[in-house]
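Structural features, examined
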Amino acid sequence: MSNAPEISCPTCRKSIVWGDDYPHRPFCSARCKQIDFGDWANEAHSIPGEPVMDAELLDETQH
Ligand SMILES: [Zn+2]
């Protein structure tokens, strides 16, 4: 029973084996881990702020 499951890196879709060879799993590497972290961090930062206010102002002028 030594068959390690294979998974795909969420960032680059590379197939890796779930095991000690890949300490950054489910990512294939530290770089992919940081890329994915940066993506959702940017999305979290974009929720509050000026773009939403701009959209509301535009909506009011159209009515
Ligand atoms: Zn990767």
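An account of the accompanying structure is given in this report. Since the structure is predicted, the reported quantities are computational estimates derived from the model, not experimental observations. (Residues numbered from 1 in each chain as written. Predicted model: local features only at pLDDT ≥ 70, side-chain atom pairs only at ≥ 80, totals over all residues. Heavy atoms only, no water.)

**Regarding the overall build of the protein**
In terms of regular secondary structure, the protein is built from two helices and two strands. For the protein, the succession of helices and strands along the chain, N to C, is β-β-α-α. Counting only residues that meet the buried cut, the protein has 11% of its 63 residues in that class. Pairs at least 24 residues apart make up 5% of the contacts formed inside the protein by residues separated by at least 6 positions. (Helix = DSSP H or I, 4+ residues; strand = E, 2+ residues; numbered from the N terminus. Buried < 20%, exposed > 50% of the residue type's maximum accessible area, 1.4 Å probe, protein only. Contact = heavy atoms within 4.5 Å.)

**Concerning the coordination of the zinc ion**
Coordination of the zinc ion by the protein involves Cys9 (SG), Cys12 (SG), Cys28 (SG) and Cys32 (SG), with metal-donor separations of 2.3 Å. Site description for the zinc ion: donor spacing in sequence, C-x2-C-x15-C-x3-C. With Cys12 in the loop between strand 1 (6-8) and strand 2 (15-17) and Cys28 in the loop between strand 2 and helix 1 (30-46), the pair connects residues that are 16 residues apart, well separated along the chain. The class of Cys12 is partly exposed, set by a relative accessible area of 39%. (Donors = N, O, S within 2.8 Å, 3.2 Å for Na, K, Ca; no water.)

**A closer look at the packing of aromatic side chains**
Any pair of aromatic rings gets described here by the distance separating the centres and the angle formed by the planes. In the structure shown here, the tally under the stated rule is zero aromatic pairs. Sitting above the plane of the Trp18 ring, Arg25 keeps its charged end 5.3 Å from the centroid. (Phe/Tyr/Trp six-rings, centres within 6.5 Å; stacked < 30°, edge-to-face > 60°. Lys NZ or Arg CZ within 6 Å of the ring centre and 35° of its normal.)

**Here we look at the nonpolar core**
The biggest cluster of nonpolar side chains holds five residues, and these are Cys9, Ile16, Phe27, Cys28 and Cys32. Not counting chain neighbours up to four residues away, the residues in contact with Ile16 comprise Pro5, Glu6, Ile7, Tyr22, Arg25, Pro26, Phe27 and Cys28. (Core = buried A, V, L, I, M, F, W, Y, C linked by side-chain atoms within 4.5 Å.)

**Some details on the environment of Cys12**
Sequence spacing of Cys12 and Cys32 is 20 residues, and the spatial spacing of their C-alpha atoms is 7.1 Å. Every residue in contact with Cys12, bar those within four places of it in the chain, is listed here: Cys28 and Cys32.

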